[in-house]
Each structure stands twice: as structure tokens, then as C-alpha cells.
Amino acid sequence: MASLPPIDIPPATTGNGAFDAPADDPNGALFDYLLRLGDDSLVLGQRLSEWTGHAASVEVDLSLANIALDLIGQATLLLDYAGEVEGRGRDGDKLAFHRDVLDFRNCLLVEQPNGDFAQTMARQFLFSTWQRRLLRHLAGSADARIAAIAEKAVKEVTYHAELAAEWVIRLGDGTEESRRRMMDGLEWMARFVPELFEADGLTAFLAERGVAADPDSFRADYEEEVGAVLAAAGLPLLPQQRPILGGRRGHHSEHLGHLLCTMQFLPRTYPEAVW
Amino acid sequence: MYTTELQKTAKVASTEDPDKLAAFEARVAADEFIEPKDWMPEAYRRTLTRQISQHAHSEIVGMLPEGNWITRAPSLRRKAILLAKVQDEAGHGLYLYSAAETLGTSREEMIEALHSGKAKYSTIFNYPTLTWADIGAIGWLVDGAAIMNQVPLQRTSYGPYARAMVRVCKEESFHQRQGYEIMMAMAAGTADQKRMAQDALNRWWWPSLMMFGPPDENSPNTAQSMRWRIKRETNDELRQKFVDITVPQAGALGLTVPDPALGWNEARGHYDFGEIDWEEFYSVVRGEGPVARERMQARREAWEQGAWVREAAAAHAEKHSRKQEAA
């Protein structure tokens, strides 16, 4: 999965939302970008909902379900919009339940397994801290619909980021065991952080037009914010290694296929049914 | 969701101060609320602690059969609604535990009693959720039965419990509607969906009727609980009400209630219905429900595997407050 070379597909064989949507097609690029945003929320919401009923206390259960609910709401808005932009009659449900891994555009971080609570919080902290900064930028997007969705979502994600940061500090500072688990969790997730800042042709194309945000513009702030929380938790900085990339191009970890198996089982088994 | 009433005997000890007891009974008879700091007979306190904690446990265990389908909900809308519903149940559990704590038992003690098997929860959650239609049937039937039970509890004599029930009832009525809406989609859907809907009704109908507890003649505590206004209507009265309301709803869905003895009785103005298999009910109460072991295993595992998280949170809070004192 590591840093696969780009795959050349002749432009003639690619359509909107296909594997390599051509960056000079504004609609195709927007569709692909919306999939990235929507799939991030969808996949993480799905992961968090696996916790329901199994958390360490009722309060923790409530907070995880709450975040999951926000994320599923965001995914619905973003994927419905993606379907409209694509103009092929697909809505959010069609996109969520009837695509296979190669067409999912989420980052690798969100599809990582829950592991223990520390691993779940490591993922949440690293992602929500990034997503909050991204959404702040997108609230000023030239695309009015994206701006409106981002403005609503940024309030939710601010809470997600704060809650996760509090847990990173609590677990880092708590007991020997919680500190060890928190470090393990962060180590597992750290290799997927660079992908969040990967700027490809599509991001550049849309950022130039004021639609997307260039993640590089808030990379330093992100690193500073993460560093401050880790310091407050008494934890070392994130380990550095070669970035693992691929999610934005449909090349995922092995975990995503299993997540989709579960999530998509009913609509795929009964394609005629309306629920 | 609701707890089946499973209390044992609630005899008033003869050692209670007769004057205080008489004053207490007069207040209750006058429909006054009893508040946490008021004097109350020990048997009243015990009965309520048992009932409210059973109710709280039922909410928490009740998250499991539905949680089983959140990851497989068939649309984004259904997934969001089910998440919100299960979240409501966690919330109900929380404020019911809080209401029970006002009677002098800690949440940890109550949870320990659940995990050791000493405390009960509603028998209904010891049945499995096999298809998506079960999520509809639970909302429609199980939450429907819960509402029937809980509406009168909004006027129960213990203030914190009554107030908790006001909020719970509002949310439960939303839960019931979402369940019925799932059933409407399934019953109007493909042959596969109709089959799932009918099968879910077949499996959940009788356990739902059992949620009202044993028949009045075998419910020795009903009289005392009614006298104390802990209970407002008898098990059989509530069960009949539920049947009367639910049977036409099944008809509107085009589904068949699995009871050949079911029929409208013009003279009574009620539906007659068949004999409930009380041996099934008592077996499930004894912990012999089909997934009773799975439910308890899931709760114990969540608690045990979460121990380090709770310990870490406590250790951090302790360090934090020491730092603040030092500052």
C-alpha cells in the first residue's frame, strides 16, 4: 500500500468519479472532492458506531454515538451533493452502499480498526483536529453548498476534537497502563497523518478556484496543536516514518473491504428493496 | 424501554414507626410526590430501588439488540435514526441510575448487581435481533409496550422517578413511531421484506405481551405497589390496553398477529387473546432466554475491558486536583 506510483489511465476511459477523474473537468473534480470529504465522515462514523453498547461507561458510550451521529449526518449532506454534481441519478445512499473499495476516497486514517479505546481516541484526535481546520477553511469556500455544510459541521467537529484531545491527555497522564495504550494507539495511527496533507492535482485545481482548501496551508498549525496536546499529556511526539498513501485514489488498507461488507450487506443483498 | 416488574415481596416491616408510616401513606394517598430526603418505609425504598435499577439496566442491556444492527442499517437515514435512538437509551439509563442513586445505592453497586446476576432486567432483551425487521418490531412493539407501562409512571409517587419518566416517555413515543415506520416500509416492500416483517412480528408478539409481567392473580405485590402509587394500573389492564391498540396497527400493515384465538369481543369492548405461555416467561426470567448469556457477556466484557479507562480517568482527575490544590 505504501506510496504506490500513480497509475496512468487514458483520459478517454475515465468518467466522472472514476478512478482518475481528470482534473481539468470541474464537475468531475468537484464530485471526487465531495467523495473525499463525505467518505471520511461516513467511514469514521461507521467505525465509531461499532462501539455502541460496548464502551467503558455509559457516558463514553453516549459521546461516541454522538460523534458517530454527527459524522453520518455530514456524510449524508456531502454524498447527496456529490450525487447531484455527478448528475447520474445517484444519491447519498447509492454512493454509500453501492460502491466498492476502489471508488471510496476516504483517507486511510479513518478506516483503521477501533482497537482499544486509546487507539480509537488516537484516531479521533488526529483526524478531528485536522478536519476542524479543513472545515474552517471550507466554510469560506467559493462553492456555497460546501460552505454551508462546512459551517454546520465545524461546530460539531470542534466538539469532537476537544473531546478527543481531553481523552489523549487523560489517558496519557492517567496510569502506566493507559499511557502505554495511548502511545500504542498513536503509533498505530501516526503513519496515516501525512496523507491528510497530501496535495494532488485535484486539490490544487479546486483550491485555485477557491472551492477546496489546500491542506498545506494549515499543516504547521496542525502540527503545533497536536504537539501541544501531546505535551500536555506527557507523551512523546508522533513517530516519523515513510508516509502511507493511497486512500484518495481508491487504494486502501485491507480493513476497508471488511467494513464495507458489513455496512453494505442489506442494500447489496436486496437491491430492489426500499427501506 | 421498560423493565418487567420482577420484584419479590415488599412487606412492610413491623419495626417501622406507625405514626411516620401513617403520615407517609396519607401523603401518597393524596398524590403528593415523595422526595429523596423525605421519610419513607424501608420496603418502599427497597421496592423502588429494585424497580428503578431494573429499569436502568434494561435501558443499558437494551442497547445491545439494536446496536447489533447499527453497523448494518440499510440507509444513511436509518443509520442516523437508530444511532440517535440507542443514544437516547443510554441517556435514559443514565438518568434512571441517577434517580435510583437518590435512594442511597451507588451506580457501581447497581452495575455489580447486574453483572453478578443478582439484579434483573427486562426479559425482552434476551431475544435475538435476526433481521432488520426486528429493529422495526422492537420500536413498534417493545417500545410500544414500554410506553404503555411508563405513561402511568409519570405519576408514580417517587418524585425523581416520575420526572425521569416524563422525559423518557417523550423519547419513547418517537422510538415507537420510527419502529412502526420501518415496519410500514418493510410490509409495503418486496416479498423478502414482507417475509422479514411477518417473521419479526411472529417472534416479538408474545414476548412483548409478557413485558407487562405476570397475570394479576400471580402478582402478589401489585396491591401494595398500587397502594403506594408506585404502580398505577395492573399488569393485565395494561396488557389489554396494549393489545387493543396494537392489533389494528398490525392490520394496517397487512400483517397477521400470531394468535388464532385473537378476536374482537363486542360485549367487553376489547380484543380477546390467547393464553400466554408463562413457562416461557419464567424461563427467561431465570436467565434461560436464547441470548441471555451473550447479553451478560457483552455487558461484563465492556465493563471489564473498560476498567483501565475508568481508572485512568480517575487517576488523571486526582493528579489534576492535587496540582490545583498545590497552586
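Residues numbered from 1 in each chain as written. Chains lettered and ligands numbered in written order. Predicted model: local features only at pLDDT ≥ 70, side-chain atom pairs only at ≥ 80, totals over all residues. Heavy atoms only, no water.

**With respect to the overall build of chain B**
- Of the regular secondary structure elements, chain B holds 13 helices and two strands.
- Overall, chain B is about 70 × 50 × 30 Å in size when its C-alpha atoms are taken along their principal axes.
- When contacts within chain B are restricted to residue pairs at least 6 apart in sequence, long-range pairs at least 24 apart make up 79% of them.
- Of the roughly 13,700 Å² of accessible surface on chain B, a fraction of 53% belongs to carbon and sulfur atoms. (Helix = DSSP H or I, 4+ residues; strand = E, 2+ residues; numbered from the N terminus. Contact = heavy atoms within 4.5 Å. Areas by Shrake-Rupley, 256 points an atom, 1.4 Å probe, with all protein chains shown as cover.)

**Digging into the overall build of chain A**
- Summing up its helical and strand segments, chain A has eleven helices and zero strands in all.
- Walking chain A from its N terminus toward its C terminus, one meets helices and strands in the order α-α-α-α-α-α-α-α-α-α-α.
- In terms of overall dimensions, chain A has C-alpha extents of about 55 × 40 × 35 Å along its principal axes.
- For chain A, the proportion of contacts with a sequence separation of at least 24, taken over those separated by at least 6, is 79%.

**Quick look at the nonpolar core**
- Within the largest apolar cluster, 178 residues are counted, with the highest numbers of intra-cluster contacts made by Phe117 and Leu126 of chain A together with Trp132 and Trp205 of chain B.
- For this core, the leading source of residues is helix α2 (residues 58–86) of chain A, giving 15 residues.
- Beyond its immediate chain neighbours, meaning those up to four positions away, Phe117 of chain A contacts Trp51, Val60, Leu64, Trp167 and Leu171 of chain A together with Trp308 and Val309 of chain B. (Core = buried A, V, L, I, M, F, W, Y, C linked by side-chain atoms within 4.5 Å. Buried < 20%, exposed > 50% of the residue type's maximum accessible area, 1.4 Å probe, protein only.)

**Focus: a negative patch on the surface**
All names here are of chain B.
- On the surface, a cluster of negative charge is contributed by Glu101, Glu108, Glu109 and Glu112.
- Counting residues per element, the negative patch draws most heavily on helix α5 (residues 107–115), at three residues.
- We classify Glu101 as partly exposed; its relative accessible area is 33%. (Patch = residues over 30% accessible without salt bridge, like charges linked within 9 Å, V, L, I, M, F, W, Y side chains within 5 Å. Salt bridge = Lys/Arg side-chain N within 4 Å of Asp/Glu carboxyl O. Lys, Arg positive; Asp, Glu negative; His and termini not counted. Charge placed at Lys NZ, Arg CZ, Asp CG, Glu CD.)

**Some thoughts on the confidence of the model for chain B**
- Averaged over every residue, the pLDDT of chain B is 93; the share at 70 or more is 96%.
- The complex prediction reports pTM at 0.92, with the ipTM value standing at 0.93. (pLDDT = per-residue confidence, 0-100.)

**Remarks on the packing of aromatic side chains**
- If you walk through the whole model with that rule in mind, you get 19 aromatic pairs over all chains.
- Residues Phe265 of chain A and Trp69 of chain B carry aromatic rings whose centres are separated by 6.4 Å and whose planes lie at 40° to one another, so their mutual orientation is tilted. A residue pair is termed interchain when its members come from two chains, as with Phe265 of chain A in helix α11 (residues 255–269) and Trp69 of chain B in helix α3 (residues 63–70).
- Owing to a relative accessible area of 31%, Phe265 of chain A belongs among the partly exposed residues under this scheme.
- With relative accessibility at 2%, the residue Trp69 of chain B sits in the buried group.
- Look at Phe24 of chain B and Trp39 of chain B: their rings are 6.2 Å apart centre to centre, the planes differ by 80°, and that puts the pair in the edge-to-face class. Separated by 15 residues along the polypeptide, Phe24 of chain B in helix α1 (residues 18–29) and Trp39 of chain B in the loop between α1 and α2 (42–61) bring together distant segments of the chain.
- Take Phe24 of chain B: its relative accessible area is 3%, and that puts it in the buried class.
- By way of ring pairs, the aromatic residues Phe24, Trp39, Tyr44 and Trp228 of chain B are connected into one cluster.
- Across the ring face of Phe104 of chain A, the terminal group of Arg99 of chain A is positioned such that the distance to the ring centre comes to 4.1 Å. (Phe/Tyr/Trp six-rings, centres within 6.5 Å; stacked < 30°, edge-to-face > 60°. Lys NZ or Arg CZ within 6 Å of the ring centre and 35° of its normal.)

**Description of the interface of chain B and chain A**
- Contact with chain B, which involves 43 residues of that partner, is made by 46 residues of chain A.
- Buried area between chain B and chain A, both sides added, is near 3,900 Å², and the carbon and sulfur share of it is 71%.
- Here chain B is connected to chain A by two salt bridges.
- Scanning the region where chain B abuts chain A turns up twelve residue pairs in polar contact (both at pLDDT 80 or more).
- For the side of chain B that touches chain A, the secondary-structure elements that each account for two or more residues are α3, α4 (76–101), α7 (159–187), α8 (191–210), α12 (292–305) and α13 (307–326) of chain B.
- Take the side of chain B that touches chain A: its biggest share by element is eleven residues, from α4 of chain B.
- Its residues assigned to classes, the side of chain B that touches chain A comprises 26 nonpolar, eight polar and nine charged. (Buried area = accessible area lost by both parts, 1.4 Å probe. Polar contact = N/O pair within 3.5 Å; in protein donor to acceptor, adjacent residues only side chain to side chain. Nonpolar A, V, L, I, M, F, W, Y, C, P; charged D, E, K, R; others polar.)

**Description of the side chain of Arg107 of chain B**
- Mapping Arg107 of chain B onto the fold places it in helix α5.
- Assessed through its relative accessible area of 17%, Arg107 of chain B is described here as buried.
- Within the structure, Arg107 of chain B has its side chain in polar contact with the side chain of Glu59 of chain A (distance 2.4 Å).
- For Arg107 of chain B, the residues in contact, after removing those within four places along its chain, are Val58 and Glu59 of chain A together with Leu94, Tyr97 and Glu101 of chain B.

**Details of the pattern of salt bridges**
All names here are of chain B.
- Within this structure, the stated rule accounts for 42 salt bridges over all chains.
- The residue Arg45 makes a salt bridge to Glu42 at a minimum N-O spacing of 3.4 Å. Of this pair, Arg45 and Glu42 both sit in helix α2, three residues apart, roughly one helical turn.
- Residue classification places Arg45 among the partly exposed residues on the basis of a relative accessible area of 21%.
- Overall, Glu42 belongs to the partly exposed group, its relative accessible area being 41%.
- A salt bridge links Asp199 to Arg203, with the shortest nitrogen-to-oxygen separation between them at 2.9 Å.

**Thoughts on the environment of Thr262 of chain A**
- Inspection of the secondary structure puts Thr262 of chain A in helix α11.
- Residue classification places Thr262 of chain A among the partly exposed residues on the basis of a relative accessible area of 32%.
- In this structure, the C-alpha to C-alpha distance between Thr262 of chain A and Gln46 of chain A, residues 216 residues apart in sequence, is 9.7 Å.
- When near neighbours in sequence (up to four residues on either side) are disregarded, Thr262 of chain A contacts Gln46 of chain A together with Thr71 and Arg72 of chain B.

**Observations concerning the packing of helix α6 (residues 144–173) of chain A against helix α10 (residues 219–232) of chain A**
- The interhelical angle for the contact between α6 of chain A and α10 of chain A, taken along N-to-C directions, is 35°, at an axis separation of 8 Å. Only Val229, Leu230 and Ala232 of chain A of α10 of chain A make contact with α6 of chain A, whose side of the interface consists of Ala165, Val168 and Ile169 of chain A. (Axes fitted to C-alpha atoms, helices over the stretch in contact; angles between N-to-C directions.)

**Details of the packing of helix α1 (residues 26–49) of chain A against α11 of chain A**
All names here are of chain A.
- Between α1 and α11, the least distance of the axes is 11 Å, while the angle of their chain directions is 75°. The angle between the axes of α1 and α11 places the two elements in the roughly perpendicular class. Contacts from Leu42, Val43, Gln46 and Arg47 in α1 reach His255, Leu256, Leu259, Thr262 and Met263 in α11.
- Broken down by class, the residue content of the contact of α1 with α11 amounts to five nonpolar, three polar and one charged. (Parallel < 35°, antiparallel > 145°, perpendicular 65-115°, else oblique.)

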